[in-house]
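Given next are the chains, with one letter for each unit.
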Amino acid sequence: MKTIIWINDTKLEALHFKAELMEDSNVHSNKRKISFDFKVPSEDYHDIAILLYQLNFRIRIPAQELDFNASIIDYSTSITDLYKPNQVADYHLELLEQD
């Protein structure tokens, strides 16, 4: 099942979406952590790379009525150079809520 996630103004169709609460011992509160996979075709590679280099994002997940700021805590991709036409990379992204 796909979950629609907005990262800033970019809409992604997330696969294997997982949301959990992580304890932040510095402030004795919980923060949201989300992780998910998504596909990136070569024609979208540049835009996704520019987006992810920002590091800090506004996250919106309409189906779960979630809206919060987050930053990347883990990220990986199956292909590091998507400039060749007709390729599709599998991305994995983990984000942690920020104040």
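Residues numbered from 1 in each chain as written. Predicted model: local features only at pLDDT ≥ 70, side-chain atom pairs only at ≥ 80, totals over all residues. Heavy atoms only, no water.

**Notes on the environment of Y75**
1) Next: Mapped onto the secondary structure, Y75 falls in strand β5 (residues 66-77).
2) Next: Sequence-wise, Y75 and L51 are 24 residues apart; in three dimensions their C-alpha atoms are separated by 13 Å.
3) Next: Ignoring any residue separated from it by four or fewer positions in sequence, one finds Y75 in contact with L52, Y91, H92 and L93. (Helix = DSSP H or I, 4+ residues; strand = E, 2+ residues; numbered from the N terminus. Contact = heavy atoms within 4.5 Å.)

**Describing the packing of aromatic side chains**
1) Next: Following the criterion strictly, the structure yields four aromatic pairs and no others.
2) Next: Summarising the aromatic geometry, the rings of Y45 and Y83 are spaced 5.0 Å apart at their centres and angled 90 degrees between planes, so their arrangement reads as edge-to-face. Of this pair, Y45 sits in helix α1 (residues 45-52) while Y83 sits in the loop between β5 and β6 (88-98), placing them 38 residues apart in sequence.
3) Next: Of the residues examined, Y45 reaches a relative accessible area of 13% and is grouped as buried. (Phe/Tyr/Trp six-rings, centres within 6.5 Å; stacked < 30°, edge-to-face > 60°. Buried < 20%, exposed > 50% of the residue type's maximum accessible area, 1.4 Å probe, protein only.)

**With respect to the side chain of T3**
1) Next: Position of T3 among the secondary structure elements: in strand β1 (residues 3-7).
2) Next: Given a relative accessible area of 12%, T3 falls into the buried group.
3) Next: Sequence-distant contacts of T3, that is, excluding residues within four places in its chain, are made with L12, E13, A14, F17 and I61.

**Considering the pairing of β1**
1) Next: The alternating pattern of β1 places T3, I5 and I7 on a buried face and I4 and W6 on a face that is not buried.
2) Next: Here two bridges tie β1 to strand β4 (residues 56-61), and the two strands are oriented antiparallel to one another. In the sheet register, I7 faces β4, and the bridge partner there is I59. (Pairing = 2+ DSSP bridges.)

**Here's the deal with the nonpolar core**
1) Next: Core analysis: the biggest nonpolar cluster contains 25 residues, and I7, F36, I59, Y91 and L95 have the highest contact counts within it.
2) Next: Of the residues forming this core, the biggest block, five residues, is contributed by α1. (Core = buried A, V, L, I, M, F, W, Y, C linked by side-chain atoms within 4.5 Å.)

**Some details on the pattern of salt bridges**
1) Next: Evaluated as defined, the whole model comprises nine salt bridges.
2) Next: For the salt bridge of E94 with K33, the shortest nitrogen-to-oxygen distance reads 3.4 Å. Here K33 lies in strand β3 (residues 29-41) and E94 lies in strand β6, a separation of 61 residues in the sequence.
3) Next: Put simply, D90 and K39 hold a salt bridge, and the shortest N to O gap is 2.5 Å. One end of the pair, D90, is in strand β6; the other, K39, is in strand β3, and 51 residues separate them in sequence. (Salt bridge = Lys/Arg side-chain N within 4 Å of Asp/Glu carboxyl O.)

Structural measurements only, silent on function.
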